[in-house]
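Okay, here's what each chain looks like letter by letter:
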Amino acid sequence: MSKPMAFEEPVIKLREKIEELKQIAETADVDMNGEIGKLEERLFQLEQSIYSNMEPWDRVQVARHPERPTTLDYIGLLFEHFIELHGDRVYGDDAAIVGGIASFNGQPITIIGHQRGKTTKENIRRNFGMPHPEGYRKALRLMKQAEKFNRPIICFIDTKGAYPGKAAEERGQSEAIARNLFEMAGLRVPVISIVIGEGGSGGALALGVANKILMLENSTYSVISPEGAASILWKDAALAKQAAEAMKITAMDLKGMGIIDGIIPEVAGGAHRNISKQALTMQECIADTLAELNKLSPEQLVEARYEKFKQIGEYEEI
């Protein structure tokens, strides 16, 4: 059973009340179908009200939920014949990024994504989903391989950011990220990036230079975390909720600004509530997007990607 979040408390309490009545009815052999039916109707209305009117900070909490599906969860449900490939051929393998080849609806593809853990032991092995430079170099190696064999690339973004430690800086963290941005811009195959949880800073953008960027409804995509922004702007990380509202980091905000191309609806309460159902929705979105991009020539793909990013933001030519 997934852990409830603060904004879900009214829903949780009502569910518990319904279960309590059901147990009483079963134990005492009393007909309480009328009362239970009314409460279930009320529960449905309450869920619709809460989950359709979530604030930015609520969505941040859902994006960070410890049971939220990861890249490997989706790979197992969306793709066939997945073969994971390891190493950057320079330094080593980084478990915070997974990648390999698979098939999607019969078409060979390359999959790359951030991978965090769900247990303490796994999080330590995956470095909490924060890649070192060798993770980004592994990703780039797989992208260039995909280009060589004309395979579309699907990236899953789910990281607080690239690892900021001393070892990562010594091995060229900023260069590795910058190299990915540069190389992804010129890839001659379709590239689709999907933000499935947190999309944080350059660590996320290093897998985000795509022809189409999609976001799960309750994911976030931002240059910095709300806590980090609050610490810089107001010297108080406790003001993260206000920062989340001001930063426009939700899928709806980013779609409105033209930064992303589409929003993938989530099951009520978040993707962790029903992973299989969520995967079916994602499968449809990926299939439609891939069919659209498969019609473009390599030259058109590069040009479309260039135009997409050129149109983000506003600027003046002097």
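Just so you know, these numbers come straight off a predicted model, no measurement behind them.

1. Quick word on the side chain of Arg126
Here is step 1 of the chain: The topology assignment puts Arg126 in the loop between α5 (120-125) and α6 (133-148).
Here is step 2 of the chain: On the accessibility criterion, Arg126 (7% relative accessible area) is buried.
Here is step 3 of the chain: Those residues in contact with Arg126, other than ones at most four positions away along the chain, are Leu72, Ala95, Ala96, Val98, Gln115, Arg116 and Gly117.

2. Description of the domain arrangement of the protein chain
Here is step 1 of the chain: The domain architecture assigned to the protein chain consists of domain 1 (6-53) and domain 2 (60-311).
Here is step 2 of the chain: The C-alpha centroid of domain 2 is placed 37 Å from the C-alpha centroid of domain 1.
Here is step 3 of the chain: Every contact between the two is made by five residues of domain 1 and, on the other side, five residues of domain 2.
Here is step 4 of the chain: Interface of domain 1 and domain 2: buried area, both sides summed, is about 410 Å²; carbon and sulfur atoms make up 51% of it.
Here is step 5 of the chain: Here domain 1 is connected to domain 2 by zero salt bridges.
Here is step 6 of the chain: Taken together, the links from domain 1 to domain 2 amount to zero residue pairs in polar contact (both at pLDDT 80 or more).
Here is step 7 of the chain: Here the residues of the side of domain 1 that touches domain 2 are counted per class, giving three nonpolar, no polar and two charged.

3. Thoughts on the packing of helix α4 (residues 71-78) against helix α13 (residues 275-294)
Here is step 1 of the chain: Here α4 crosses α13 at 70°, and the two axes come no closer than 10 Å. In terms of axis orientation, α4 runs roughly perpendicular to α13. Contact residues: α4 offers Tyr74, Leu77 and Leu78, while α13 offers Ile275, Ser276, Gln278, Ala279, Met282, Gln283 and Ile286.
Here is step 2 of the chain: Broken down by class, the residue content of the contact of α4 with α13 amounts to seven nonpolar, three polar and no charged.

4. Topic: the packing of helix α10 (residues 226-234) against helix α11 (residues 240-247)
Here is step 1 of the chain: Look at α10 against α11: their axes get within 8 Å of each other, and the N-to-C directions meet at 100°. As judged from the angle between their axes, α10 and α11 are roughly perpendicular. Each of Pro226, Glu227, Ala229, Ala230 and Trp234 in α10 lies in contact with α11, whose residues at this interface are Ala240, Gln242, Ala243, Ala244 and Met247.
Here is step 2 of the chain: When its residues are assigned to classes, the contact of α10 with α11 shows eight nonpolar, one polar and one charged.

5. Concerning the packing of aromatic side chains
Here is step 1 of the chain: Tallied over the full model, the rule gives three aromatic pairs.
Here is step 2 of the chain: One aromatic cluster is present, built from ring pairs that chain together Tyr74, Phe79, Phe104 and Phe156.
Here is step 3 of the chain: The cationic tip of Arg171 hangs over the ring face of Tyr91; the distance from NZ or CZ to the ring centre is 4.2 Å.

6. Side note on the side chain of Lys212
Here is step 1 of the chain: By secondary structure assignment, the location of Lys212 is in strand β6 (residues 212-216).
Here is step 2 of the chain: At 3.4 Å, the side chain of Lys212 forms a polar contact with the side chain of Glu292.
Here is step 3 of the chain: Ignoring any residue separated from it by four or fewer positions in sequence, one finds Lys212 in contact with Val191, Ile192, Ser193, Asp261, Thr289, Glu292 and Leu293.

7. Considering the pattern of salt bridges
Here is step 1 of the chain: Scanning the entire structure with this criterion turns up 20 salt bridges.
Here is step 2 of the chain: Across the pair Glu55 and Lys241 runs a salt bridge, and its minimum N-O distance is 3.6 Å. Taken together, the residues Glu55 in the loop between α2 (33-51) and α3 (56-63) and Lys241 in helix α11 connect sequence positions 186 residues apart.
Here is step 3 of the chain: For Glu55, a relative accessible area of 35% corresponds to the partly exposed category.
Here is step 4 of the chain: Relative accessible area serves as the criterion here: at 38%, Lys241 is assigned to the partly exposed category.
Here is step 5 of the chain: For Glu175, the salt bridge goes to Arg137, with nearest N and O atoms at 3.0 Å.

8. A short note on unusual backbone geometry
Here is step 1 of the chain: Notably, His81 is not glycine yet its phi reads approximately 60°, a positive angle.
Here is step 2 of the chain: Tracing the backbone through its elements, the reader meets His81 in strand β1 (residues 80-84).
Here is step 3 of the chain: The phi dihedral of Arg89 is positive, around 65°, even though this residue is not glycine.
Here is step 4 of the chain: Looking at where Arg89 falls in the secondary structure, it is placed in the loop between β1 and β2 (97-104).

9. Things to note about the pairing of β6
Here is step 1 of the chain: Counting buried positions over the five residues of β6 gives five, a clear majority of the element.
Here is step 2 of the chain: Alternating residues of β6 divide into Lys212, Leu214 and Leu216 and Ile213 and Met215, and every residue in both groups is buried.
Here is step 3 of the chain: Looking at chain direction, strand β5 (residues 191-200) and β6 are connected through four bridges and run parallel. Counted as the bridge partner of Ile192 is Lys212 from β6.

Rules of the game
Residues numbered from 1 in each chain as written. Predicted model: local features only at pLDDT ≥ 70, side-chain atom pairs only at ≥ 80, totals over all residues. Heavy atoms only, no water. Helix = DSSP H or I, 4+ residues; strand = E, 2+ residues; numbered from the N terminus. Buried < 20%, exposed > 50% of the residue type's maximum accessible area, 1.4 Å probe, protein only. Contact = heavy atoms within 4.5 Å. Domains from an automatic or database assignment. Buried area = accessible area lost by both parts, 1.4 Å probe. Salt bridge = Lys/Arg side-chain N within 4 Å of Asp/Glu carboxyl O. Polar contact = N/O pair within 3.5 Å; in protein donor to acceptor, adjacent residues only side chain to side chain. Nonpolar A, V, L, I, M, F, W, Y, C, P; charged D, E, K, R; others polar. Axes fitted to C-alpha atoms, helices over the stretch in contact; angles between N-to-C directions. Parallel < 35°, antiparallel > 145°, perpendicular 65-115°, else oblique. Phe/Tyr/Trp six-rings, centres within 6.5 Å; stacked < 30°, edge-to-face > 60°. Lys NZ or Arg CZ within 6 Å of the ring centre and 35° of its normal. Pairing = 2+ DSSP bridges.

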